[in-house]
Amino acid sequence: MSDEAQLKALRNRIDSIDEKVLELISERARCAQTVAEVKQKTLAEGEKPVFYRPEREAWVLKHIMELNKGPLDNEEVARLFREIMSACLALEEPLRVAYLGPEGTFTQAAALKHFGHSVVSVPMAAIDEIFREVAAGAVHFGVVPVENSTEGAINHTLDSFLEHDLAICGEVELRIHHHLLVGENTRTDKISRVYSHAQSLAQCRKWLDAHYPNVERVAVASNAEAARRVKGEWNSAAIAGDIAGELYGLTRIAEKIEDRPDNSTRFLMIGNQEVPPTGDDKTSIIVSMNNRPGVLHHLLQPFHENGIDLTRIETRPSRSGKWTYVFFIDFFGHQHDPLIKGALEKIREEAVALKILGSYPKAVL
Ligand SMILES: C=C(O[C@@H]1C=C(C(=O)O)C=C[C@H]1O)C(=O)O
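Residues numbered from 1 in each chain as written. Predicted model: local features only at pLDDT ≥ 70, side-chain atom pairs only at ≥ 80, totals over all residues. Heavy atoms only, no water.

- Named according to an unreviewed UniProt entry, the protein chain is Bifunctional chorismate mutase/prephenate dehydratase originating from Halopseudomonas litoralis.
- The record in UniProt for the protein chain states the following under Function (unreviewed entry): "Catalyzes the Claisen rearrangement of chorismate to prephenate and the decarboxylation/dehydration of prephenate to phenylpyruvate."
- Among the UniProt annotations of the protein chain, the heading Subcellular location (unreviewed entry) holds the following wording: "Cytoplasm". (UniProt positions renumbered as here; feature names shortened; annotations may be inferred.)

## Let's talk about the UniProt feature "site: Essential for prephenate dehydratase activity" (unreviewed entry) in the protein chain
Then comes step 1: This chain's UniProt record puts "site: Essential for prephenate dehydratase activity" (unreviewed entry) on Thr265.
Then comes step 2: Relative to the helices and strands, Thr265 is located in strand E11 (residues 264-271).
Then comes step 3: Residue classification places Thr265 among the buried positions, given a relative accessible area of 8%.
Then comes step 4: Those residues in contact with Thr265, other than ones at most four positions away along the chain, are Pro145, Glu147, Asn148, Val172, Glu173, Leu174 and Ile176. (Helix = DSSP H or I, 4+ residues; strand = E, 2+ residues; numbered from the N terminus. Buried < 20%, exposed > 50% of the residue type's maximum accessible area, 1.4 Å probe, protein only. Contact = heavy atoms within 4.5 Å.)

## Observations regarding the environment of Leu100
Then comes step 1: On the secondary structure map, Leu100 appears in strand E1 (residues 96-100).
Then comes step 2: For the pair Leu100 and Ala111, spaced 11 residues apart in the sequence, the C-alpha separation amounts to 9.7 Å.
Then comes step 3: Apart from the residues within four sequence positions on either side, Leu100 is in contact with Thr105, Thr107, Met124, Ala125, Ala126, Ile127, Ile130, Val143 and Pro145.

## Some thoughts on helix H11 (residues 295-305)
Then comes step 1: Listing the buried residues of H11 in full gives Val295, Leu299, Pro302 and Phe303. In a view along the axis of H11, the buried residues occupy a sector of 105°, so they form one face of it. Within H11, the exposed residues directed more than 90 degrees away from the buried face are His297 and His304.
Then comes step 2: Here the buried face of H11 lies against strand E12 (281-289), strand E13 (310-317), strand E14 (325-332) and helix H12 (338-350).
Then comes step 3: Gly307 sits one or two positions beyond H11 and adopts a positive phi of about 65°. (Arc of directions from axis to C-beta.)

## Describing the site of the ligand
Then comes step 1: Looking at the ligand, the residues that line it are Arg28, Val35, Lys39, Phe51, Tyr52, Arg53, Arg56, Glu57, Met85, Cys88, Leu89 and Glu92.
Then comes step 2: The backbone of Arg53 places a nitrogen or oxygen atom 3.0 Å from an oxygen atom of the ligand.
Then comes step 3: The side chain of Glu92 places a nitrogen or oxygen atom 2.6 Å from an oxygen atom of the ligand.
Then comes step 4: In the complex, the protein chains occlude 90% of the 360 Å² of accessible area that the ligand would expose alone.
Then comes step 5: Counting only elements with at least two residues in the shell around the ligand, the list comes to helix H1 (3-41), helix H2 (54-67) and helix H3 (74-92).
Then comes step 6: Class assignment of the residues belonging to the shell around the ligand gives a composition of 6 nonpolar, no polar and 6 charged. (Near = heavy atom within 4 Å. Polar contact = N/O pair within 3.5 Å; in protein donor to acceptor, adjacent residues only side chain to side chain. Areas by Shrake-Rupley, 256 points an atom, 1.4 Å probe, with all protein chains shown as cover. Nonpolar A, V, L, I, M, F, W, Y, C, P; charged D, E, K, R; others polar.)

## Description of the sheet that holds E12
Then comes step 1: Read from one edge of the open sheet, 4 strands run E13-E14-E12-E15, paired in antiparallel fashion. The open sheet has two edge strands with one neighbour each: E13 and strand E15 (353-361). Geometrically, the sheet is characterised by an average inter-axis angle of 15° between neighbouring strands, direction not taken into account.
Then comes step 2: In this sheet, E14 lies alongside E13 in antiparallel orientation, the contact comprising 7 bridges. Residue Arg316 lies in a different strand from E14, and its bridge partner there is Val326.
Then comes step 3: Its contacts with the sheet put H12 on E12, E14 and E15, and the angle it makes with E15 is roughly 160°. (Pairing = 2+ DSSP bridges. Axes fitted to C-alpha atoms, helices over the stretch in contact; angles between N-to-C directions.)

## Notes on the confidence of the model for the protein chain
Then comes step 1: The predicted model of the protein chain has a mean per-residue pLDDT of 93, with 99% of residues at 70 or higher.
Then comes step 2: Here the predicted complex scores 0.93 on pTM and 0.98 on ipTM. (pLDDT = per-residue confidence, 0-100.)

## Concerning the UniProt feature "domain: Chorismate mutase" (unreviewed entry) in the protein chain
Then comes step 1: In the numbering used here, UniProt assigns the "domain: Chorismate mutase" (unreviewed entry) feature to residues 1-96.
Then comes step 2: The annotated region residues 1-96 carries 75% helix and 1% strand content, and the separation between its end C-alpha atoms amounts to 53 Å.

## A look at the state of the cysteines
Then comes step 1: One pass over the structure, following the stated rule, counts 0 disulfides.
Then comes step 2: Looking at the unpaired Cys169, the closest cysteine sulfur is the one in Cys88, lying at 19 Å.
Then comes step 3: For Cys169, a relative accessible area of 1% puts it in the buried group. (Disulfide = S-S within 2.5 Å.)

## Thoughts on the side chain of Glu92
Then comes step 1: Structurally, Glu92 is set in helix H3.
Then comes step 2: A polar contact is formed between the side chain of Glu92 and the side chain of Lys39, at a distance of 3.3 Å.
Then comes step 3: Other than its neighbours up to four places away in sequence, Glu92 contacts Ala32, Val35, Ala36, Lys39 and Phe51.

## Considering the pairing of E12
Then comes step 1: In terms of residue burial, E12 counts as a mostly covered element, since 9 of its 9 residues are buried.
Then comes step 2: Of the two faces of E12, the one carrying Asp281, Thr283, Ile285, Val287 and Met289 and the one carrying Lys282, Ser284, Ile286 and Ser288 are both buried.
Then comes step 3: Direction of pairing for E12 relative to E15: antiparallel, over a ladder of 8 bridges. Looking at the pairing, Asp281 lines up with Pro361 of E15.
Then comes step 4: The pairing of E12 with E14 spans 8 bridges and is antiparallel. What sits directly across from Ser284, in E14, is Asp330.

Structure representation (C-alpha cells):
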C-alpha cells in the first residue's frame, strides 16, 4: 500500500472511531440527565438537589487512571474525562464558580482545572468577595489560593475562613510559571518598572535582583492586572503567567523566571456542601488556643497518638484577643473516620474553639 493510501485508511478508521466515541459520550450524557431526574425525585419537602458530587468525580477520575494502559499518560486521560464530566454535570446544572479575577489569573486556571471548562466562572476583585458571594448563594462555589510553595500562606484567605462559615469541598495544585512580558510598544532597553502581584514579585525576587536590579517593582491587584497595564505603557514590563500574557497579547522576553523550579500554588474550593468520605481525603480545621506553656504540644498530641499525618500547620493572630493564636491545620483523613473523630474530640477539650472547615478528596489532578 502506498503511504498515501495507508494514511487514507487510517483516517477512515479514526473517523469511524470518533463516531463511536461520540455515540458513547452522548449515551453517558443521557445517563447524567437521568441521574439528575432521580436526584430531583428523591428529595424531601423543601430539600434542594445536590448535583455536584466531588467524591464521585474523584472516584471516576481515579478509576480511569487505574484502568489506563496508555499510550496517553494518566494525567492526560484524566484531563479528558475531567472535561467530559464537566459537560455532563452542566446538563444537570450549570455550575457558577467565583474566582479571584480579573480574567486570566492563576485562580481562574485552578477553577477550570478542578471543575472543567463547562462551568461559568465569575471574576471577583478580592478574596473576601469570593467568600461573600458563596455565602450569599450568588454562586455555587468559590476558588481561593491558600498557600504557595515558595512564599507560604495566603493570609487574606486564612483570615476570610475565620470570618465566614463555609465548607471546603476540594483542593487543586497548580505549577506556577512566571514570565517577563512586554507589549508591542515597549522599549525593552528602557524598562524602568515591573508590575505584578506582590506574591509573584516575591516568587521572582532573586531573578529580578540579578537581571533588573534597578527597576521599580510595583505590586498590583493581580498578574492579569499587571499584564493589562503594560499594554499601554512603553517603559514597563509585567510578570505574569501564560494565560494573562496571551489574553493581553504580550510577548515573553524571559521565560520561567520563578526562583524555584517547583513553584506551585494550592487552591481550595469553598461551598456549602459537606463531602462524604472517599478513602483518600484531607481535612482542614481552625483551632484557637490560649497562649500558655506547651500549647502547641497539647494541640499536636492527639494527632501524634493516633498516627494522623499532618500536611500543614499555619499560625495567625486571632482577631478576638491580644496574644491568642489560631492554628490552621490540614491532615490526611476524613472528619467521619473514627480515628479522626476521636482526635478532634480530644482537641475540642483543650481548645478555646475548634472549627472544622471541611473534609474533601485529596487532589486527583
Ligand atoms: C452523574 C452524576 O452527577 C455529576 C456528574 C458526574 C459525572 O458526569 O460522572 C459525577 C458526579 C456529579 O458531579 C452523579 O452524581 O453520578
